[in-house]
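The chain contents come next:
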Amino acid sequence: TGVLQRHEDGAKWVTSFILDPSKHFEEPYVKSMIDYFNLRMPNQNMSDEEIKNIVEYLKWVEENANLF
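Please read these numbers as outputs of a predicted model, since none were measured by experiment.

## Concerning the environment of Leu-19
Consideration 1: Along the chain, Leu-19 falls in helix α1 (residues 10-19).
Consideration 2: The class for Leu-19 is partly exposed, based on a relative accessible area of 43%.
Consideration 3: Between the C-alpha atom of Leu-19 and that of Lys-31, which follows or precedes it by 12 residues, the distance is 17 Å.
Consideration 4: Leave out the neighbours within four places in its chain, and Leu-19 touches Asn-43 and Ile-51.

## Concerning a nonpolar patch on the surface
Consideration 1: Where nonpolar side chains cluster on the molecular surface, the patch consists of Tyr-29, Met-33, Tyr-36, Phe-37 and Leu-39 and spans about 580 Å² of accessible area.
Consideration 2: Assignment of secondary structure puts Tyr-36 in helix α2 (residues 28-37).

## Structural notes on the packing of aromatic side chains
Any pair of aromatic rings gets described here by the distance separating the centres and the angle formed by the planes.
Consideration 1: Taken as a whole, this structure holds 3 aromatic pairs when the rule is applied.
Consideration 2: Ring geometry for Tyr-36 versus Phe-37: centroids 4.8 Å apart, planes at 85°, classification edge-to-face.
Consideration 3: Relative accessible area serves as the criterion here: at 48%, Phe-37 is assigned to the partly exposed category.
Consideration 4: With a centroid separation of 6.4 Å and 20° between ring planes, the pair formed by Tyr-57 and Trp-60 is classed as stacked.

## Describing the side chain of Ser-16
Consideration 1: Along the chain, Ser-16 turns up in helix α1.
Consideration 2: You can call Ser-16 buried: its relative accessible area is 17%.
Consideration 3: At a separation of 3.3 Å, a polar atom in the side chain of Ser-16 contacts the side chain of Lys-23.
Consideration 4: Filtering out sequence-adjacent residues up to four positions away, Ser-16 remains in contact with Pro-21, Lys-23 and His-24.

Each value, and the rule that gives it
- Residues numbered from 1 in each chain as written.
- Predicted model: local features only at pLDDT ≥ 70, side-chain atom pairs only at ≥ 80, totals over all residues.
- Heavy atoms only, no water.
- Helix = DSSP H or I, 4+ residues; strand = E, 2+ residues; numbered from the N terminus.
- Buried < 20%, exposed > 50% of the residue type's maximum accessible area, 1.4 Å probe, protein only.
- Contact = heavy atoms within 4.5 Å.
- Patch = residues over 30% accessible without salt bridge, like charges linked within 9 Å, V, L, I, M, F, W, Y side chains within 5 Å.
- Areas by Shrake-Rupley, 256 points an atom, 1.4 Å probe, with all protein chains shown as cover.
- Salt bridge = Lys/Arg side-chain N within 4 Å of Asp/Glu carboxyl O.
- Phe/Tyr/Trp six-rings, centres within 6.5 Å; stacked < 30°, edge-to-face > 60°.
- Polar contact = N/O pair within 3.5 Å; in protein donor to acceptor, adjacent residues only side chain to side chain.

In structure tokens form, the structure reads like this:
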């Protein structure tokens, strides 16, 4: 949670990360998560529609989960 708020254009960043996670591996936050969990997100080969649905779900969570 909070991924959409951690980036200037959160929806665009999430879309890019899902499409090609490896191009984000050297970004400080992503690198820290990789180092901590010793995992790298694989390419999920998702369709544009699937990615759009994930972004919409993340927006819903941030608006309705009272996390922030």
